[in-house]
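Topology and contacts: notes
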Amino acid sequence: MSRKNHTVNRSGNCSPDGGMLMRICLSVVLVSAPFVLAGCNKTEEAKPAAPTAAPAAAVAPATIADTGPIKVGILHSLSGTMAISETSLKDVALMTIEEINDAGGVLGRKIEPVVVDPASNWPLFAEKARDLLQNQKVAVVFGCWTSVSRKSVLPVFEELNGLLFYPVQYEGEESSFNVFYTGAAPNQQAIPAVEYLMSKKGGGAKRWVLLGTDYVYPRTTNKILRYFLHSKGVADDDIMEKYTPFSHNDYQTIVADIKKFAAGKRTAVVSTINGDSNVPFYKELGNQGIRAEDIPVVAFSVGEEELRGIDTKPLVGQLAAWNYFMSIDTPENKAFINKWMAYVKKHNLPGGDKRVTNDPMEATYIGIHMWAQAVDQAKTTQVDAVRQAVGYQTFKAPSGFEISMDAKNHHLHKPVFIGEVKADGQFHVVWKTDGPIRAQAWSPFIPDSAKKVADWTYPWVCGNCTEPKYKMMAAE
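Below, the structure is looked at part by part.

The rules behind the values
- Within every chain, residues take consecutive numbers counted from 1 along the sequence as written.
- Per-residue local features are limited, in this predicted model, to residues with pLDDT of at least 70; the limit for side-chain atom pairs, both in listing and counting, is 80 or more; totals at the level of whole chains, interfaces and linings are taken over all residues.
- Hydrogen atoms and water are omitted, and side-chain values are computed over all heavy atoms in the structure.
- Only DSSP runs of H or I with at least four residues qualify as helices, and only runs of E with at least two residues qualify as strands; both kinds are numbered from the N terminus onward.
- Any residue under 20% of the maximum accessible area for its type is buried, any over 50% is exposed, and the rest in between are partly exposed; the area is computed with a 1.4 Å probe on protein chains only.
- Contacts were defined at the residue level, with two residues in contact if any of their heavy atoms lie within 4.5 Å.
- Only the protein chains shown count as covering a residue, and every accessible area follows the Shrake-Rupley method with a 1.4 Å probe.
- The term salt bridge refers to a pairing of a side-chain nitrogen on Lys or Arg with a carboxyl oxygen on Asp or Glu at a separation within 4 Å.
- Only buried Ala, Val, Leu, Ile, Met, Phe, Trp, Tyr and Cys residues count toward a nonpolar core, and they belong to the same one when joined by side-chain atoms within 4.5 Å.
- Two strands qualify as a pair provided DSSP detects at least 2 bridges between them.
- Stacked, tilted and edge-to-face are the three classes assigned to paired rings of Phe, Tyr and Trp, where Trp is represented by its six-membered ring and a pair needs centres within 6.5 Å; plane angles under 30 degrees give stacked, over 60 edge-to-face, the rest tilted.
- In this scheme, the term charge over a ring applies when either NZ of a lysine or CZ of an arginine sits within 6 Å of the ring centre and within 35 degrees of the ring normal.
- Between N-to-C directions, angles cover 0 to 180 degrees, with each direction set by a line fitted to C-alpha atoms, over the stretch in contact for helices.
- By disulfide we mean two sulfur atoms from cysteines, separated by a distance within 2.5 Å.
- When the strands point away from the viewer and the path from the first strand over the helix to the second turns clockwise, the crossover is right-handed.

Along the protein, the regular secondary structure elements total 13 helices and 20 strands. Across the 476 residues in the protein, those meeting the buried criterion constitute 59%. Partitioning the contacts of the protein with sequence separation of at least 6, the portion at a separation of at least 24 is 67%. Carbon and sulfur atoms make up 52% of the accessible area of the protein, which totals about 18,400 Å².

Below, the structure written as structure tokens:
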């Protein structure tokens, strides 16, 4: 039988490429017994090894020099509707890079941040990402907040074989060879929050308002939640679903509708509103006298940073679900906050001593440190080597937990916290998991998604599959 050469593209499919044959056979056939690799007509002897990451993909056009500073991209909106949330992620990224540089850098080289502003413009995110990878020749990019911005840049990273660390909670239903997800998947935020509100301690909600900004993250998250609520016996008549555009600022009618819908049954609001629209929404709750004990609101995109611009007294007791709160009392968090406040003062950042930390900032901090650890381990900034090294990295997070990166689905294992808003804009933790839980890239509550597997290790080598890409057979 003639020998066929195959490589693996980002979606995990096989495609002819003679130049990549040896790399595939070497990278994926590290298993515990003799096997035949489908597509490589050759039997390999067993080699004891840790589970391997996916086969190396085509090298990006930008070749990164082995000397001089290591350029990294910072891709966050510093203007437009998302600046309220993303500016602090840029700031904490620069703080983390400064911290690593002060400790000697990576591979004995300094990290040089390249900061760009995609200005809350989703197509501009893709343009900026392409410039960072092709022209600025960055080794990695840390960035994006909204899922629409991530979806915009994803084809660029997959085409150019770049690495993106994405630090914000999202809707799941994705696992890319070129992305490491350091924010929460739905089972690490949305599902536990709804389960809490259903519980006796959380108020025993029977009716649900799913309110979000009109784009992919809220709509997909609410699709998952609707399936989940159905599985718990909640009828569609007890679910109200509404969306508003980005930068929406008039919530008077919507809040009035929520009050009417809540009449007669214990009701909870699940908010996936993003960006600066959170300010008028929460102000309107206060204006209409909605208190947490009457209609609890749990938010997935509101944290300490967003609450800085709001009179929080009318919101006391309202909820947010995250994987970190600034109020968490651990030695690691105290050190993180002290570093942050010292950085704010040193660089005279706007807001001064009123600045806060939040969940996506912690996720950014973890992601940059994991990337730096992986580069040191791989002894190179070359994307294929670093990608394999990122899997299995661990880091003692400000939350106090040892956080690990899942080499299979490229998501962090994370703890879950539910907190009540306090009058000072901080959160009091009312519920938490015992430890980090593994992310589900594909929701078990959506019938089609429940069949899918995200696993970039051999033999699956795929982020969206129902069966492995490679078949394992005992050697004759």
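Pairs may arise between side chains of opposite charge once their charged atoms sit close together. The final tally for this structure, using the stated rule, is 21 salt bridges. Lys-334 serves as the salt-bridge partner of Asp-329, at 3.4 Å between the closest nitrogen and oxygen. The exposed category is assigned to Asp-329, whose relative accessible area is 62%. Ionic contacts of the salt-bridge type, sharing partners, join the residues Arg-150, Lys-151, Glu-171 and Glu-174 into one network.

Let us look at the nonpolar core. Ranked by size, the top nonpolar core spans 101 residues in total, and within it Leu-75, Phe-281, Tyr-282 and Trp-371 carry the most contacts. No other element matches the nine residues that helix H11 (residues 359-378) contributes to this core. Excluding residues that lie within four positions of it along the chain, Tyr-282 makes contacts with Val-297, Ala-299, Val-302, Ile-310 and Leu-315. Ranked by size, the runner-up nonpolar core spans 26 residues in total, among them Ala-193, Val-234, Leu-319 and Val-430.

Bringing the pairing of strand E20 (residues 462-465) into the picture now. Pairing of strand E19 (residues 453-455) with E20, which is carried by two bridges, proceeds in the antiparallel orientation. Across the sheet, the residue bridging to Val-453 is Cys-465, located in E20.

This part takes up the packing of aromatic side chains. Think of a pair of aromatic rings as described by two things: how far the centres are apart, and how the planes are tilted against each other in angle. Scanning all chains against the criterion turns up 20 aromatic pairs. Between Trp-340 and Tyr-343 the ring centres are 6.4 Å apart and the planes differ by 15°, which places this aromatic pair in the stacked class. Note that Trp-340 and Tyr-343 are positioned in helix H10 (residues 331-346) at a spacing of three residues, about one turn of the helix. This pair shows no difference in class: Trp-340 is buried, exactly as Tyr-343 is. Each member of the aromatic cluster is reached from another via a ring pair, and the members are Trp-122, Phe-125, Tyr-215, Tyr-217 and Phe-246. Here Arg-219 stacks its cationic end above the ring of Tyr-243, 4.0 Å away from the centre of that ring. The aromatic ring of Phe-177 is capped on one face by Arg-387, whose charged end is 3.8 Å from the ring centroid.

Within the open sheet, the five strands sit side by side as E6-E5-E7-E8-E9. Their pairing is parallel. The open sheet has two free edges, formed respectively by strand E6 (111-116) and strand E9 (179-181), since each of these has just one partner strand. If you compare each strand with its neighbour and ignore which way they point, the axes differ by 25° on average. Bridge count for strand E5 (residues 70-75) against strand E7 (residues 141-143) is three bridges, and the pairing is parallel. Residue pairing for E7: Ile-74 is matched across the bridge by Phe-142. Relative to strand E8 (residues 164-166), helix H4 (residues 147-160) is tilted by about 165°, and along the sheet it contacts E5, E7, E8 and E9.

Take the sheet that holds strand E11 (residues 239-244) next. Judged by pairing direction, the sheet is mixed, and its seven strands sit side by side in the order E11-E10-E12-E13-E14-E17-E18 without closing on themselves. Each of the sheet's edge strands pairs with one partner strand only, and the pair in question is E11 and strand E18 (427-432). Averaged over all neighbouring strand pairs, the angle between strand axes comes to 25°, with direction disregarded. Bridging between strand E13 (residues 297-299) and strand E14 (residues 319-322) involves two bridges; their strand directions are parallel. Opposite Ala-299, over in E14, you have Ala-320 as the bridge partner. Of the strands in this sheet, strand E10 (207-213), E11 and strand E12 (267-272) touch helix H6 (residues 216-231), which is tilted by about 180° from E11. Sheet strands touched by helix H7 (residues 252-261): E10, E11 and E12. Its angle to E11, the strand with the most contacts, is close to 175°.

Applying the stated criterion across every chain, the model contains one disulfide. At a sulfur-sulfur separation of 1.9 Å, the disulfide partner of Cys-462 is Cys-465. Linking Cys-462 and Cys-465, the disulfide has an S-S dihedral of approximately 95° and is accordingly described as right-handed.

Another aspect to go through is the pairing of E11. Two elements, E10 and E11, share six bridges in a ladder whose sense is parallel. Its bridge partner lying in E11, Trp-208 is registered against Ile-239. For the crossover from E10 across H6 to E11, the handedness is right-handed.

Below, the discussion takes up unusual backbone geometry. Cis geometry marks the peptide bond from Tyr-458 to Pro-459; its omega dihedral reads 10°. Along the chain, Pro-459 turns up in the loop between E19 and E20. Here the phi dihedral of His-410 falls at roughly 65°; this positive angle occurs in a residue that is not glycine. With respect to the secondary-structure elements, His-410 resides in the loop between strand E16 (402-404) and strand E17 (417-421). Overall, His-410 belongs to the buried group, its relative accessible area being 2%.

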